[in-house]
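Given next are the chains, with one letter for each unit.
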Amino acid sequence: MLFALAFYFNFLLGGISGVFLSDVPADTTEHGSFFVMAHFHYTIMGGLIFAFFGGVYYWLPKMTGIKLNETWGKIHFWTMFIFFNSTFLPLFALGMLGMPRRVFEYARNLETLNDWVSISAFLLGFSILIFLINFVMSMLFWRERETGNPWRARSLEWQISTPPPPEDFKRVPVILSSPYDYGNPNALPVAELDPPPGVIGNAYAPASSGSAG
């Protein structure tokens, strides 16, 4: 959920900054500058990559039957979120101060900000290393097994065992909630259709204190 919320925050900044690049008078100054780099990375990395990691943490138990370590996952998120913004947020200022793209040296008056961005970029890369450590250790050594529905999710993929069997659904799946009632704990199933034992109870049971959101 943290990665999903960060996606909204980052993508919002990327979208708002794109409005300035669509305005001809503003784009006259910002085109070809670090402002464009900041806009691009907030849209692509801040949006796509953060959403990707959210999906990895959410669906990896379904694909493999093993959960990633939650503590390491939170460390990965906060280091990646902080150093991502520390890397690319200053690029907006650098672009507006006249820093062009694709040059091999910095103007003296912009050197401090550029050094800050360079250091932050290395730390951002370190945050990806934290994920790789978590992934390798969780898959090969810690191996926290998950066979059920760890997130108490009501979507269809969590109605079958984890990891899923080759034949997937043996009967018509149960639609546990409509899109508009998804966050309502008191919402009734849209259609029961003779659900397998335990499907509805597992989805509506409170989440355990140790599971990630």
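The coordinates are above.
Residues numbered from 1 in each chain as written. Predicted model: local features only at pLDDT ≥ 70, side-chain atom pairs only at ≥ 80, totals over all residues. Heavy atoms only, no water.

### Observations regarding the packing of aromatic side chains
Move 1: This model, assessed by the stated rule, comprises 25 aromatic pairs.
Move 2: Plain terms: the ring middles of Phe-77 and Trp-78 are 4.9 Å apart, the flat faces sit at 70 degrees to each other, and that makes the pair edge-to-face.
Move 3: With relative accessibility at 4%, the residue Phe-77 sits in the buried group.
Move 4: Under the relative-accessibility criterion, Trp-78 is labelled partly exposed at 44%. (Phe/Tyr/Trp six-rings, centres within 6.5 Å; stacked < 30°, edge-to-face > 60°. Buried < 20%, exposed > 50% of the residue type's maximum accessible area, 1.4 Å probe, protein only.)

### Looking at a nonpolar patch on the surface
Move 1: Together, Trp-72, Phe-126, Leu-129, Leu-132, Ile-133, Phe-135, Val-136, Leu-140, Phe-141 and Trp-142 line one region of the surface with nonpolar side chains, adding up to about 940 Å² of accessible area.
Move 2: If you trace the backbone, Ile-133 turns up in helix H5 (residues 111–142).
Move 3: Here Ile-133 falls in the partly exposed class, since its relative accessible area comes to 35%. (Patch = residues over 30% accessible without salt bridge, like charges linked within 9 Å, V, L, I, M, F, W, Y side chains within 5 Å. Areas by Shrake-Rupley, 256 points an atom, 1.4 Å probe, with all protein chains shown as cover. Salt bridge = Lys/Arg side-chain N within 4 Å of Asp/Glu carboxyl O. Helix = DSSP H or I, 4+ residues; strand = E, 2+ residues; numbered from the N terminus.)

### A word on helix H4 (residues 70–96)
Move 1: In this model, H4 (27 residues) spans 39 Å end to end at C-alpha, consistent with the 39 Å of a helix rising 1.5 Å per residue.
Move 2: For H4, the side-chain oxygen to backbone nitrogen distance between the N-cap and Thr-71 is 3.1 Å, and the N-cap itself is Asn-69.
Move 3: Just downstream of H4 lies Gly-98, where phi reads positive at about 100 degrees. (Expected span 1.5 Å × (residues − 1). Polar contact = N/O pair within 3.5 Å; in protein donor to acceptor, adjacent residues only side chain to side chain.)

### A word on the pattern of salt bridges
Between side chains of opposite charge, a pair can form when the charged atoms approach closely.
Move 1: By the definition in use, this model includes two salt bridges.
Move 2: The salt bridge partner of Lys-67 is Glu-144, with a shortest N-O separation of 4.0 Å. You can see Lys-67 sitting in strand S1 (residues 66–67) and its partner Glu-144 sitting in strand S2 (residues 144–145), a full 77 residues away along the chain.
Move 3: We classify Lys-67 as buried; its relative accessible area is 7%.
Move 4: A salt bridge links Glu-70 to Lys-74, with the shortest nitrogen-to-oxygen separation between them at 3.7 Å. One end of the pair, Glu-70, and the other, Lys-74, are both in helix H4, four residues apart, so they sit about a helical turn from each other.
Move 5: Residue Glu-70 is classed as partly exposed on the basis of its relative accessible area, which comes to 23%.

### With respect to the packing of helix H3 (residues 34–64) against H4
Move 1: Contact geometry for H3 and H4: axes closest at 8 Å, N-to-C directions at 165 degrees. The angle between the axes of H3 and H4 places the two elements in the roughly antiparallel class. In the crossing of H3 with H4, the sense of the turn from one axis to the other is left-handed.
Move 2: By residue class, the composition of the contact of H3 with H4 is 20 nonpolar, seven polar and no charged. (Axes fitted to C-alpha atoms, helices over the stretch in contact; angles between N-to-C directions. Parallel < 35°, antiparallel > 145°, perpendicular 65-115°, else oblique. Left-handed = near helix turned anticlockwise from the far one by under 90°. Nonpolar A, V, L, I, M, F, W, Y, C, P; charged D, E, K, R; others polar.)

### With respect to H5
Move 1: Counted at 1.5 Å a residue, the expected span for H5 with its 32 residues is 46 Å, and the 44 Å between its end C-alpha atoms agrees.
Move 2: Considered for burial, the residues of H5 that qualify are Asn-114, Val-117, Ser-120, Leu-124, Ser-127, Ile-130, Phe-131, Asn-134, Ser-138 and Met-139.
Move 3: On the buried face of H5, the contacting elements are H3, S1 and H4.
Move 4: Positive phi appears at Arg-143, one or two residues downstream of H5, with a value of about 45 degrees. (Contact = heavy atoms within 4.5 Å.)

### Things to note about the side chain of Ser-138
Move 1: Looking at the secondary structure, you find Ser-138 in helix H5.
Move 2: Taking the relative accessible area as the measure of exposure, Ser-138 reaches 1% and is therefore buried.
Move 3: The residues contacting Ser-138, other than those within four sequence positions of it, are Ile-66, Lys-67, Leu-68, Asn-69 and Arg-143.

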